[in-house]
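# Summary of structural features
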Amino acid sequence: MASTVHTTIDSPLGALLLVGEESATAPGGLALGSLSMTGQRGAATVQPHWRADAAAFATVTDQLQAYFAGDLKEFDLELRYGGTEFQRRVWQAVDTVPYGTTTSYGALADRIGAPRAAVRAVGTAIGANPLLIVRPCHRIVGATGALTGYAGGLERKEYLLAHEGARPLALG
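Right, let's walk through the structure included here. Just so you know, the residues in each chain are numbered from 1, in the order the chain's sequence is written. Where totals are concerned, whole chains, interfaces and linings use all residues; where local detail is concerned, this predicted model gives features only for residues with pLDDT of at least 70, and gives and counts side-chain atom pairs only at 80 or more. Values shown for side chains rest on all heavy atoms present in the structure; no hydrogens or waters enter the calculation.

Time to look at the pairing of strand S3 (residues 30-37). Note on strand geometry: in a regular strand, side chains alternate between the two faces of the sheet. Partly exposed residues are those whose accessible area sits between 20% and 50% of the maximum for their type, while under 20% is buried and over 50% is exposed, using a 1.4 Å probe and protein chains only. Helix numbers and strand numbers start at the N terminus; a helix is a DSSP run of H or I with at least 4 residues, a strand a run of E with at least 2. The element S3 is extensively covered by neighbouring structure, given that 7 of its 8 residues are classed as buried. Strand pairing is assigned whenever DSSP identifies at least 2 bridges connecting the two strands. Alignment of strand S2 (residues 16-22) against S3, held across 7 bridges, turns out to be antiparallel. Note that in S3 the partner of Glu21 across the bridge is Ala31.

Ring geometry is summarised as follows: Phe, Tyr and Trp rings, the Trp one being its six-membered ring, pair when their centres sit within 6.5 Å, and such pairs are stacked at plane angles under 30 degrees, edge-to-face over 60 and tilted between the two. Tallying each qualifying case throughout the model produces 3 aromatic pairs. Centroid distance Tyr67 to Tyr99: 6.2 Å. Interplanar angle 85 degrees. Geometry classified as edge-to-face. In this pair, Tyr67 is assigned in helix H1 (residues 58-68) and Tyr99 in the loop between helix H2 (85-94) and strand S5 (103-104), connecting sequence segments 32 residues apart.

A few words on the sheet that holds S2. In sheet architecture, strand pairing relies on hydrogen bonds along the backbone and comes in two forms, parallel and antiparallel. One open sheet accounts for 4 strands, arranged S3-S2-S1-S4; its pairing is mixed. Strand pairing shows two members of the sheet lacking a second neighbour, S3 and strand S4 (51-52), which therefore form its edges. Relative to S4, strand S1 (residues 4-9) runs parallel, the two sharing 2 bridges. Directly across from His6, in S4, lies its bridge partner Ala52. The sheet contacts of H1 involve S1, S2 and S3, and relative to S2 the element is tilted by about 145 degrees. Contacts are assigned to residue pairs with any non-hydrogen atoms lying within 4.5 Å of each other. Only the stretch in contact is used when fitting a helix axis, every axis being a line fitted to C-alpha atoms; angles between N-to-C directions are given from 0 to 180 degrees.

Looking now at the environment of Gly149. Position of Gly149 relative to the elements: it lies in the loop between strand S6 (140-141) and helix H5 (154-163). Once the C-alpha coordinates of Gly149 and His138 are considered, the two residues, 11 residues apart in sequence, prove to be 8.7 Å apart. Sequence-distant contacts of Gly149, that is, excluding residues within four places in its chain, are made with Tyr105, Leu154 and Lys157.

This paragraph deals with the pattern of salt bridges. Side chains that carry opposite charge are capable of pairing whenever their charged atoms lie near each other. We define a salt bridge as a side-chain nitrogen of Lys or Arg found within 4 Å of a carboxyl oxygen belonging to Asp or Glu. On inspection of all chains with the given rule, the structure shows 8 salt bridges. Here Glu21 and Arg80 are joined by a salt bridge, their closest N and O atoms 3.1 Å apart. On the criterion of sequence distance, the pair formed by Glu21 in strand S2 and Arg80 in the loop between H1 and H2 is long-range, its members being 59 residues apart. Exposure remark for Arg80: the relative accessible area of 31% places this residue in the partly exposed category. A salt bridge links Asp95 to Arg135, with the shortest nitrogen-to-oxygen separation between them at 3.7 Å. One end of the pair, Asp95, is in the loop between H2 and S5; the other, Arg135, is in the loop between helix H4 (119-127) and S6, with 40 residues separating them in the sequence.

Spelled out as structure tokens, the structure:
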């Protein structure tokens, strides 16, 4: 069984907790399983059997720093996928929403072939995303373009969209 490792890094959004598993196939030898923010609904919490290892996250940290510097638009990381089959379908669709753009929950439901009645289920699946920023659930908005739901908080969602040029407002 792969060893679970963690570290915390600073970002413009505050502290980010990174959790991953050692992987022989991943860039830098680590598959990212969770990226969560301080105060986030459903955030990961460090477990006693996890090992602190900042060096293991060098590739992840470098890519996050490049993203926040405006030099990276698409992450190239091996991710650990948990979740249900439906959640994985939703998350894979979220992964296709380009940097600097948004789409609605309804359009995302259409993209995965789910009926319009499933929009709430799509929103719930997005809310269960364990990989904030890297899996860009911040790019999903309400049908009118309104900001709705973000496990890290709407202020952070607004910041991320502004950072990507999809929204004019900034954090703070």
